[in-house]
Amino acid sequence: MWPLWDRVVRIIHWYFPVAIAFMWWSGEQGHYDWHSWVGYSLLVAAGTRILWGLVGSESARFRSFLSGPSAIISYLKGHPFTGEGHNPLGAWATVCLLLLVLVQGSTGLFASDDILFEAPLAFWGGHLSGPLAAWHEINWTILQGFILLHLLAIAFYHVVRGEGLIKAMWQGQTETRFSRSPPRSAWLGLGIAGCLAGLLYLLVTLAPEAPSYY
Ligand code: HEM
Ligand code: HEM
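Everything numeric in this text was worked out from a predicted model, so none of it was measured.

(A) Summary view of the site of ligand 2. Taken together, 21 residues lie near ligand 2, and Met23, Tyr32, His35, Gly108 and His136 sit nearest. Between His35 and ligand 2, the recorded distance is 2.8 Å, taken from a side-chain N or O atom to a nitrogen atom. His136 places a side-chain nitrogen or oxygen 2.8 Å from a nitrogen atom of ligand 2. Its atoms largely coinciding with the cavity grid, ligand 2 occupies the second largest pocket. Only α1 (7-29), α2 (32-55), α5 (88-108) and α6 (129-159) provide two or more residues apiece to the shell around ligand 2. No other element matches α2, which puts six residues into the shell around ligand 2. Its residues placed into classes, the shell around ligand 2 shows 10 nonpolar, nine polar and two charged.

Below you can see the structure in the form of structure tokens.
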């Protein structure tokens, strides 16, 4: 009996609500230095989780929990889901949430507040920076919607179906929800995060800055 959600998945997952709440506050209040740093960390976190879905523990891999349209339709028709991990709909919601965080972070790299702050790729992006920065705002609305749906779905499982999903995501497993194969080393996850952080560092430091006229 092994954890269904390994340490890498859980650390990344619980970092999301904390960091995203901070991003909301700092974005609205205009604290863009902090907003950028925490934004970089979210980009690394979402990127690591996506790569972990390809090379990480068996139960964290996309191919082990993503299913096709027929499984989703059958689930929506009320056929009970008997697996341990994400249900067919929740599995695709996972992918959407991760991609939305990734897009939010990436478009932020091109944004500017038009007064004092310019993100590292704002100049380099040229004509594309404007639309990408606009997408930062639109994507935020979509991400908020998905987070709300995510929380409602979890509340539904708790209240209506009596399934404690939060316990499994917090502790890694429950009596009924566990993995049959051992997790991959969290060091691999840390290595992936380190490589992504290095690449992001190179990108934001090597990107050309706007010429100064002073
Ligand atoms: C606010 C930002 C949040 C984001 C972006 C987010 C994103 C995600 C993602 C991507 C997954 C899939 C996990 C994986 O396989 O990597 C997930 C699962 C889960 N999340 Fe969140 N989450 C957020 C907040 C929360 C909060 C506040 C709670 C609890 C109240 C929560 C409870 C859960 C649970 C229980 C699961 C497991 C669902 C299952 O068993 O299928 N999440 N979340
Ligand atoms: C997942 C990560 C991110 C989240 C959740 C996020 C969220 C937000 C939010 C909520 C706002 C306020 C939007 C509004 O006024 O409606 C904002 C604005 C902004 N963000 Fe982010 N952001 C992220 C990443 C980044 C990154 C990495 C950068 C730059 C390095 C960045 C730069 C900016 C800038 C410059 C603005 C102001 C845009 C304007 O005034 O039009 N963001 N962000």
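From this point, things continue past the structure.
(B) Expanded view of the coordination of the iron atom of ligand 2. Protein coordination at the iron atom of ligand 2 comes from His35 (NE2) and His136 (NE2), with a distance range of 2.0 to 2.1 Å. Around the iron atom of ligand 2 sit six donor atoms, and with donor-metal-donor angles ranging over 87 to 180° the site reads as octahedral. Taken together, the positions of His35 in helix α2 and His136 in helix α6 put the pair 101 residues apart, joining distant regions of the chain. The pair formed by His35 and His136 is uniform in burial state, with each residue classed as buried.

(C) Broad picture of the coordination of the iron atom of ligand 1. Looking at the iron atom of ligand 1, the protein donor atoms are His13 (NE2) and His150 (NE2), and they sit 2.0 Å from it. Classification of His150 by relative accessible area gives partly exposed; the value is 27%.

(D) Quick peek at α6. Between its first and last C-alpha, α6 extends 44 Å over 31 residues, near the 45 Å set by a 1.5 Å rise per residue. Residues Ser129, His136, Asn139, Trp140, Leu143, Ile154 and Tyr157 constitute the buried set of α6. Looking at the buried residues of α6, the elements they touch are α1, α2, α4 (69-76), α5 and α7 (165-171).

(E) Highlighting the packing of α5 against α6. Between α5 and α6, the shortest axis-to-axis distance is 9 Å and the interhelical angle comes to 155°. Regarding the angle of α5 to α6, the classification is roughly antiparallel. For the pair α5 and α6, the crossing hand works out as left-handed. Across the interface between the two elements, Cys96, Leu97, Leu100, Val101, Val103, Gln104, Thr107 and Gly108 from α5 touch Leu132, Trp135, His136, Asn139, Trp140, Ile142, Leu143, Phe146, Ile147 and His150 from α6. Here the contact of α5 with α6 is composed, by residue class, of 12 nonpolar, six polar and no charged.

(F) Highlighting the site of ligand 1. The immediate surroundings of ligand 1 are formed by 19 residues, with His13, Arg49, His86, His150 and Arg177 found nearest. Contact distances for ligand 1 include 2.7 Å between a nitrogen atom and a side-chain N or O atom of His13. One nitrogen or oxygen atom from the side chain of His86 is found 2.6 Å from an oxygen atom belonging to ligand 1. If you list the elements that add at least two residues to the shell around ligand 1, you get α1, α5, α6 and α7. Considering only residue class, the shell around ligand 1 consists of 13 nonpolar, four polar and two charged.

(G) Highlighting the environment of Tyr201. Relative to the elements of secondary structure, Tyr201 occurs in helix α8 (residues 186-206). Assessed through its relative accessible area of 53%, Tyr201 is described here as exposed. For Tyr201 and Tyr40, which are 161 residues apart along the polypeptide, the C-alpha to C-alpha distance reads 8.9 Å.

(H) Here's a closer look at a nonpolar patch on the surface. A cluster of nonpolar side chains, Leu51, Leu54, Val55 and Leu188, forms an exposed patch at the surface whose accessible area comes to about 300 Å². In terms of residue count, α2 provides more of the nonpolar patch than any other element does, three residues in total. For Leu51, the location among the structural elements is in helix α2. When its relative accessible area of 34% is taken as the criterion, Leu51 is described as partly exposed.

(I) Focus on the layout of surface pockets. Of the volumes computed, that of the second largest pocket is approximately 730 Å³. Considering the residues around the second largest pocket, the lining is formed by 28 residues, among which Gly27, Tyr32, His35, Gln104 and His136 are closest to the centre. Elements with a minimum of two residues in the lining of the second largest pocket: α1, α2, α5 and α6. The greatest single-element share of the lining of the second largest pocket, amounting to seven residues, is contributed by α2. When its residues are assigned to classes, the lining of the second largest pocket shows 16 nonpolar, nine polar and three charged.

Conventions used here
- Residues numbered from 1 in each chain as written.
- Chains lettered and ligands numbered in written order.
- Predicted model: local features only at pLDDT ≥ 70, side-chain atom pairs only at ≥ 80, totals over all residues.
- Heavy atoms only, no water.
- Near = heavy atom within 4 Å.
- Polar contact = N/O pair within 3.5 Å; in protein donor to acceptor, adjacent residues only side chain to side chain.
- 1 Å grid on protein atoms, 1.4 Å probe; cavity = no way out; pocket = protein on both sides within 12 Å on 5 of 7 lines; lining within 4 Å.
- Sits in = over half its atoms within 2 Å of the grid points.
- Helix = DSSP H or I, 4+ residues; strand = E, 2+ residues; numbered from the N terminus.
- Nonpolar A, V, L, I, M, F, W, Y, C, P; charged D, E, K, R; others polar.
- Donors = N, O, S within 2.8 Å, 3.2 Å for Na, K, Ca; no water.
- Tetrahedral: all angles 85-135°; square planar, octahedral: opposite > 155°, others 65-115°.
- Buried < 20%, exposed > 50% of the residue type's maximum accessible area, 1.4 Å probe, protein only.
- Expected span 1.5 Å × (residues − 1).
- Contact = heavy atoms within 4.5 Å.
- Axes fitted to C-alpha atoms, helices over the stretch in contact; angles between N-to-C directions.
- Parallel < 35°, antiparallel > 145°, perpendicular 65-115°, else oblique.
- Left-handed = near helix turned anticlockwise from the far one by under 90°.
- Patch = residues over 30% accessible without salt bridge, like charges linked within 9 Å, V, L, I, M, F, W, Y side chains within 5 Å.
- Areas by Shrake-Rupley, 256 points an atom, 1.4 Å probe, with all protein chains shown as cover.
- Salt bridge = Lys/Arg side-chain N within 4 Å of Asp/Glu carboxyl O.
- Points joined across faces, edges and corners; volume = space filled by probe spheres on them.

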